[in-house]
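Fold and geometry: a report
Okay, here's what each chain looks like letter by letter:
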Amino acid sequence: MKLSKSDALLLHAVLFKHLTNTHSQRVETHHEDLLYKLEGYLLDDVEDEEEDVEVEDDSVEDVEAEDEYEVPEPDEFKGPSVLAKLPAVSVTSPAGDKVTLEFEDVGDADTVDVLLDDGSVILDRVCCIKLTDKSVELFDSEECHAFQIKKLPKTWSKVLQPGVLYGVDSSLDEEEE
Amino acid sequence: MVTRKNQVTQNRSATIRTREDRRGNMRTETFRRDEDTVSVAVSTNPKNDSTRLFIDTPEGQSYSFDGRTARTLYRALQKHYQQTNKTW
């Protein structure tokens, strides 16, 4: 297939417009979901208040129970933009190829793309990441892909604690608020 | 006497439009292009986020690419045009 310069520009323009539109629709859907969740939380709060009024002694017990509960360590992971800043790392792909792997922030709040060193995408929209001793496991919507790491850069282990499964979601804090 | 070369402007009424197709997919496509030029369409299924890119050449050949390839093509073009200041 031969494409002229103007064809290449046209192709770029169509892809650009499509990506922009799908992204804005995704953001819109995300906001709608968020509003729906908030609505649910508000309704739950109203129901809880009514219950609290009816049984006052129970609320005291609840406070004591909360004191005993150990608060888990906060997740310091901050989403795709943090991953995109991590340096490229040499890995062995599940197929056995030696490749250089890096992340790219695609503008979504909850996914990153995984690129090869030549810029081509090998995994798009990775939503969860887990480091183990000798590999990095990347989860997209379909399955888990494990890449063997030769030598893990220190900056990686500062951001991703080995053994912990991280969800790529920078909007998590906002949702919780 | 100077003879001017006949200049025919192609795709004068052509646009790129986005619409929802019959299957509920979001489709961005070239519209009202001249028959002797390339047509391009990209379609995304909002349910599973899968994307296809279609290119029809004036010679009657059709090419189809998956979303991953489409994204790679876009990135390569974007990077190239950024370097040559042809992006917007």
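On a predicted model such as this, the values are computed, not experimentally measured, just so you know.

Observations regarding the overall build of chain A
Within chain A one finds five helices and eight strands. A total of 177 residues make up chain A; the buried ones form 29% of that total. Excluding contacts between residues fewer than 6 apart, the proportion of contacts in chain A whose partners are at least 24 apart in sequence is 48%.

Considerations on the pairing of strand 2 (residues 26–31) of chain B
All names here are of chain B. Summarising the sheet, strand 1 (residues 15–20) and strand 2 pair through six bridges and their orientation is antiparallel. Counterpart to Thr15 in the pairing with strand 2 is Phe31. What sits between the antiparallel neighbours strand 1 and strand 2 is a turn of five residues, in which Gly24 has the positive phi angle 85°. Bridging between strand 2 and strand 3 (residues 39–44) involves four bridges; their strand directions are antiparallel. For Glu29, the partnering residue across the bridge sits in strand 3 and is Ala41.

Comments concerning the sheet that holds strand 8 (residues 165–167) of chain A
Taken in spatial order, the eight strands line up as 4-3-2-1-7-6-5-8 (chain A) in an open sheet, and their pairing is antiparallel. Each of the sheet's edge strands pairs with one partner strand only, and the pair in question is strand 4 (121–126) and strand 8 of chain A. On average, each strand axis in the sheet is inclined to that of its neighbour by 30°, with strand direction left out of account. Of the pairings in the sheet, the one linking strand 1 (residues 89–92) of chain A to strand 2 (residues 98–105) of chain A comprises four bridges and is antiparallel in character. Considered in strand 2 of chain A, the bridge of Thr92 of chain A is made with Lys98 of chain A. The sheet contacts of helix 1 (residues 67–83) of chain B involve strand 2, strand 3 (112–116) and strand 4 of chain A, and relative to strand 4 of chain A the element is tilted by about 105°.

Digging into the interface of chain B and chain A
For interface size, the figure often reported is the accessible area lost on association. With 33 residues of chain B in contact, the opposing surface of chain A contributes 32 residues. Taken together, both faces of the contact between chain B and chain A bury some 3000 Å²; the carbon and sulfur share is 66%. Viewed at the interface, chain A and chain B are joined by two salt bridges. Two residues, Arg75 of chain B and Glu104 of chain A, come together in a salt bridge whose shortest N-O distance is 2.3 Å. Our count for the contact surface shared by chain B and chain A stands at eight residue pairs in polar contact (both at pLDDT 80 or more). Of all elements in the fold, only strand 1, strand 2, strand 3, strand 4 (51–56), strand 5 (62–66) and helix 1 of chain B reach the threshold of two or more residues within the side of chain B that touches chain A. Considering every element that reaches the side of chain B that touches chain A, the biggest residue donor is helix 1 of chain B, with 10 residues.

Comments concerning the confidence of the model for chain B
It should be kept in mind that the predicted coordinates are not to be read in detail where pLDDT is low. When the pLDDT values of chain B are averaged, the result is 86; 88% of them are 70 or greater. If you check the scores for this complex, the pTM reads 0.52 and the ipTM reads 0.85.

A look at the sheet that holds strand 1 of chain B
Residue and element names in this part refer to chain B. Here we have five strands laid out as an open sheet, ordered 1-2-3-4-5, and antiparallel in their pairing. At either margin of the open sheet sits one strand with a lone partner, and together these are strand 1 and strand 5. Going across the sheet, the axis of each strand differs from the next one's by a mean of 15°, ignoring polarity. In the packing of helix 1 onto the sheet, the strands contacted are strand 4 and strand 5, and the crossing angle to strand 5 comes to about 95°.

Thoughts on the pairing of strand 2 of chain A
Residue and element names in this part refer to chain A. Between strand 1 and strand 2, which follow one another and run antiparallel, lie five residues, and Gly96 among them has a positive phi close to 95°. Alignment of strand 2 against strand 3, held across five bridges, turns out to be antiparallel. Opposite Glu102, over in strand 3, you have Leu115 as the bridge partner.

Conventions used here
Residues numbered from 1 in each chain as written. Chains lettered and ligands numbered in written order. Predicted model: local features only at pLDDT ≥ 70, side-chain atom pairs only at ≥ 80, totals over all residues. Heavy atoms only, no water. Helix = DSSP H or I, 4+ residues; strand = E, 2+ residues; numbered from the N terminus. Buried < 20%, exposed > 50% of the residue type's maximum accessible area, 1.4 Å probe, protein only. Contact = heavy atoms within 4.5 Å. Pairing = 2+ DSSP bridges. Axes fitted to C-alpha atoms, helices over the stretch in contact; angles between N-to-C directions. Buried area = accessible area lost by both parts, 1.4 Å probe. Salt bridge = Lys/Arg side-chain N within 4 Å of Asp/Glu carboxyl O. Polar contact = N/O pair within 3.5 Å; in protein donor to acceptor, adjacent residues only side chain to side chain. pLDDT = per-residue confidence, 0-100.

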